[in-house]
Structures are given as C-alpha cells and as structure tokens.
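# Chains, contacts and geometry: an overview
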Amino acid sequence: MQTTWKGTISFGLVSIPVHLYSATQEHDVPLHQVHAKDGGRVRMKRYCEREEKEVPYAEIAKGYESPDGRTVTLSDDDLADLPLPSKKIIDVLAFVDEREIDPLMFSKAYYVGVADKAAAKPYALLRDALTESGQIAVTKIALRTRESPAVLRVHDNTLVLQTCIWPDEVRPAAGIGPEDDVTVRPQELKMARSLMDTLSEDFDLSQLHDDYQQALQQVITARLEGVEIPHEEESGEAPDNVIDLMEALRSSLKQAKGGRGPAGEPEAEAEEAGRKPAPRKRAAAKRSAPAAGKAADGTAGKAGGKATSAKTATAKTATAKSSTAKTTTAGKGPAAGKTAGRKSAAPRKAS
C-alpha cells in the first residue's frame, strides 16, 4: 500500500513516528471525453494565453489572482516550505466523545501505521487508551496544500486518522426544513418506530453494492458485443403528497414484513388514524352469522334427535318401573308416573 504522508503523532511528550495510508478507494468505470459525432478522443491541453502555445505539465505552477487583477505565482517549493507546525506533526489537542463531532465534518480516512519497531509500544498505548475510554483524539494535520482538523480513532485494532472540514465550513441548515410547527401524534411515531425496527432486522451493511456501476458496465458490454442494451422496468413514481400518513406507514410496514400486516394494532390507534373499527367488527359478525346458523341448525337437529331418543327411553323406563311397582308396592306407581312425566317433559322443554 502506497504511503500518503510521513510524520509523527505527538501525544503529550510521547512521539510516535507513523505513516498514513489511504483507507478507502472509490470504484467506478473509467470514462473519458470523446467527440459524440465520431468517437474521437477529446483531450485537455494546457495552453498559455500569453505565449499562445501549449506548455508541459512540468512548467505548471499555482497562482492567485488578487481583486485588482494582479497574479501571484506559487511553486511547489513555496507550498512545501509553509511555516506550519502541523506539516509533519499530528498534534493531539484533546480527547472527546465521538458524538461531539458532527458527522457532516468527517472527510477522508487514512490508516495509521508505525514507521519503525520503536513506535510499536507507544502506538499500542494510544490505541488501547482510546479503546478503553471510548473516546477519539482531536488533532490537526497539513496534507498537501491544506491544513485541516482531524480525529484519531480505532478501527479493527488499527488507528485511523480521519480528516475533517472546519466548523465554519458547515453551511447552516436554517430555512431548509419545514418552517411551520408540525405536530406528530404518538400513534404515528409508534408506527414509524415499528417500521424502523422491521427494516433493520437482519440488515448487513457489507451486502450493499453499487447498482449504478453494475448497470453501466452492462451497457458498455452490450455496446461492445453489439447486442441490445438491457433495460430495467421503471418503478412506479412515489406519491408527491401523503394524504393519510398513518395509512402510508401501515402499508409500508405491511410491505416490509412481506405481506404480513401489523399484528395487534390497538383500536385506539385505528381510531386516531381516521379508521373506524366498526367495519372490522361487522365483517366478523357476518363471517360468524352463517356459522351461528349452522350451529343453531345442528344444535336443533341434535336436540330433536336427543328429545326423540329421550322420549323412547323414558317410555321404556316408565313401563319397566310401572311393572316393577306393580310387583313390589302398588303405592309407588303414582310416583313413578310423576317421574316419568317429568323426564318426558324435559326433552320437549329443551327443544
């Protein structure tokens, strides 16, 4: 890996000789400018207006034009000899919680490697101290033609220096968000949090890939092979206004769950969302009505059958008891008759 910068981390009276290595790389399909008419390569030439001729890159310097039209020429040596203490030293200024740095300020990241074996122990000391404290180190560094604030933090057991922009370079956000006071109902917030939790399930950032570069490469390959360019089906346009926010959240949650709607939605939330729970109850009543009818018919049929069987059984019992009563005690006959009468009446009453 190519070294980007060489210098020293100053940690109090501790010095750590280090090298910086670019920690990120952007992948893209290399494109250059061509003449649309014939595909001829279009190149940018360095042209001197005074001499009216092309000049080589070795003769190029940087210049500044003052408001009155004068030009100051600065060579690479002038820029290299700037009186900056941060030119070769990463001076640790303070240790703060990472949340104190606005992510808008973060810029390019560099891996920090030791320059020699003697730097291994102080390097590990600073790394472990940052890990244990959960803090980051605020520093300043001069890279190329720019001095910028930076932070030192730990990633994969390695120190990382991430340059930042200056606080006054962050533009104010005033007037960009909604100017009117907007009231968010607790039900809407609860539904939004439920949608957030559902979308976050089993999310793996490492599985993301660049669809644009892949699609561009497919178009280039198709052109090279002389075949038809692949086309993706256009997705439907998102609505430009949301009439029912709760309904939009509910539909989003249902889609995120793969067709499974939100379970156990309180009736209060439904009413707050402008939906009446009554239709759901009426639907349930309609679904249960036929079943109730069938149950009633079945119950009646069973009751009628039981009543007929009960009448037959009661009659047989009454006859048997009557015969027994005649054989044993004549006085028990009326009682048996009453009992038989009551038992015979019971099924008729149930039906």
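Heads up: these notes are all about the structure in this document. Since the model is a prediction, treat every value here as computed from it, not as a measurement.

## Re the pairing of strand 7 (residues 89-97)
Both strand 1 (residues 3-11) and strand 7 contribute to a ladder of three bridges, which runs parallel. From the neighbouring strand, T8 faces strand 7, where its bridge partner is I89. Alignment of strand 7 against strand 9 (residues 135-143), held across six bridges, turns out to be antiparallel. When the bridges of strand 9 are listed, D97 appears paired with Q135.

## Some points on helix 3 (residues 186-200)
Given a rise of 1.5 Å per residue, 15 residues ought to cover 21 Å, and the 21 Å separating the end C-alpha atoms of helix 3 matches this to within 8%. Of the residues making up helix 3, those classed as buried are Q187, E188, M191, L195 and T198. The buried residues of helix 3 occupy an angular sector of 100° when projected down its axis, which confines them to one face. Residues of helix 3 that are exposed and point more than 90 degrees away from the buried face comprise P186, L189 and K190.

## Let's talk about the packing of aromatic side chains
Evaluated as defined, the whole model comprises one aromatic pair. Judged by centre distance (5.8 Å) and plane angle (75°), the ring pair of F11 and F95 falls under edge-to-face. Linking F11 in strand 1 with F95 in strand 7, this pair joins segments that are 84 residues apart in sequence. With a relative accessible area of 21%, F11 lands in the partly exposed category. A cation over an aromatic ring shows up here: K108 above the ring of Y110, its NZ or CZ 5.8 Å from the ring centre.

## Some remarks on the sheet that holds strand 7
As summarised here, the arrangement of the seven strands in space is 1-2-8-11-10-9-7, forming a closed barrel in which the pairing is mixed. Within this sheet the neighbouring strands show an average axis-to-axis angle of 40°, counted without direction.

## Observations concerning a nonpolar patch on the surface
A contiguous nonpolar patch, built from Y64, V72 and L74 and spanning about 270 Å² of accessible area, is present on the exposed surface. With respect to the helices and strands, L74 occurs in strand 6 (residues 71-74).

## A word on the environment of M105
For M105, the location among the structural elements is in the loop between strand 7 and strand 8 (106-114). A residue is classified by how much of its surface remains accessible, and M105, at 14% relative accessible area, is buried. When the C-alpha positions of M105 and P167 are compared, they lie 7.1 Å apart, and in sequence the two are 62 residues distant.

## Quick look at the pattern of salt bridges
In a structure, side chains of opposite charge can pair up when their charged atoms sit close to one another. All told, the structure shown has eight salt bridges when counted by the stated rule. In this structure, E188 engages R185 in a salt bridge whose closest nitrogen and oxygen atoms are separated by 3.0 Å.

Calculation rules
Residues numbered from 1 in each chain as written. Predicted model: local features only at pLDDT ≥ 70, side-chain atom pairs only at ≥ 80, totals over all residues. Heavy atoms only, no water. Pairing = 2+ DSSP bridges. Helix = DSSP H or I, 4+ residues; strand = E, 2+ residues; numbered from the N terminus. Expected span 1.5 Å × (residues − 1). Buried < 20%, exposed > 50% of the residue type's maximum accessible area, 1.4 Å probe, protein only. Arc of directions from axis to C-beta. Phe/Tyr/Trp six-rings, centres within 6.5 Å; stacked < 30°, edge-to-face > 60°. Lys NZ or Arg CZ within 6 Å of the ring centre and 35° of its normal. Axes fitted to C-alpha atoms, helices over the stretch in contact; angles between N-to-C directions. Patch = residues over 30% accessible without salt bridge, like charges linked within 9 Å, V, L, I, M, F, W, Y side chains within 5 Å. Areas by Shrake-Rupley, 256 points an atom, 1.4 Å probe, with all protein chains shown as cover. Salt bridge = Lys/Arg side-chain N within 4 Å of Asp/Glu carboxyl O.

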